[in-house]
Amino acid sequence: MERLRLALFQPDIPQNAGTLFRLSACLGLGVDVIEPCGFVFDDRKLKRAGMDYLDRARVVRHPSWEVFRASLAAAGRRLVLLTTKGEHRHDQFSFLPGDTLMVGRESSGVPADIAAAAAARIRIPMVTGPRSINVALAAALVTGEALRRLDGFPDESPAEEDLE
């Protein structure tokens, strides 16, 4: 089983999706995209943010929440939702190998029934006042913490093309 996966629920902003694809490529994580997206998937803004890392990203597109949820169940993966309404602080949460960390739409998060379907809902502690942290930044922060706790960062052996 993979040590961790990211999931993007109906992403609105191609630059955030591209940034998360790049993060996943650099860390060796898979990414699930739950459609529909708020942009054309081959949008040039997506490519610009992901740069030349998009070919390295292991992206699985799911046509609906139901299809994604069935794939989680089939793989025996736990869904952990990042949300400003989370019951648990991310820095005090017990991550498990195989967790899928999901972020919601930039514009509206996830519907209540989808939030309720997550095994856990976690939040990043913030000062009073700001509404939320950018989705890509929040996912990066929590992914880093989860990998640190799981001793799951990739080894730093040189990439194949660096050896040529």
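Residues numbered from 1 in each chain as written. Predicted model: local features only at pLDDT ≥ 70, side-chain atom pairs only at ≥ 80, totals over all residues. Heavy atoms only, no water.

A. Fine view of the UniProt feature "binding site: S-adenosyl-L-methionine" (unreviewed entry) in the protein chain. Within this numbering scheme, the UniProt entry marks Leu82, Gly104, Ile124 and Ser132 as carrying the feature "binding site: S-adenosyl-L-methionine" (unreviewed entry). Over a stretch of 51 residues, the named residues converge on one spot in the fold, their C-alpha atoms separated by at most 14.2 Å. From the set just named, the residues that line the largest cavity comprise Gly104. Within the fold, glycine 104 resides in the loop between strand E6 (99-103) and helix H4 (112-117). Relative accessible area serves as the criterion here: at 9%, glycine 104 is assigned to the buried category. The contact partners of glycine 104, leaving out residues within four places of it in the chain, are Phe9, Gly109, Val110 and Val135. Inspection of the secondary structure assignment puts serine 132 in the loop between strand E7 (120-123) and helix H5 (135-149). Residue classification places serine 132 among the partly exposed residues on the basis of a relative accessible area of 40%. Contacts of serine 132, omitting those with residues within four sequence positions, involve Thr84 and Met126. (UniProt positions renumbered as here; feature names shortened; annotations may be inferred. 1 Å grid on protein atoms, 1.4 Å probe; cavity = no way out; pocket = protein on both sides within 12 Å on 5 of 7 lines; lining within 4 Å. Helix = DSSP H or I, 4+ residues; strand = E, 2+ residues; numbered from the N terminus. Buried < 20%, exposed > 50% of the residue type's maximum accessible area, 1.4 Å probe, protein only. Contact = heavy atoms within 4.5 Å.)

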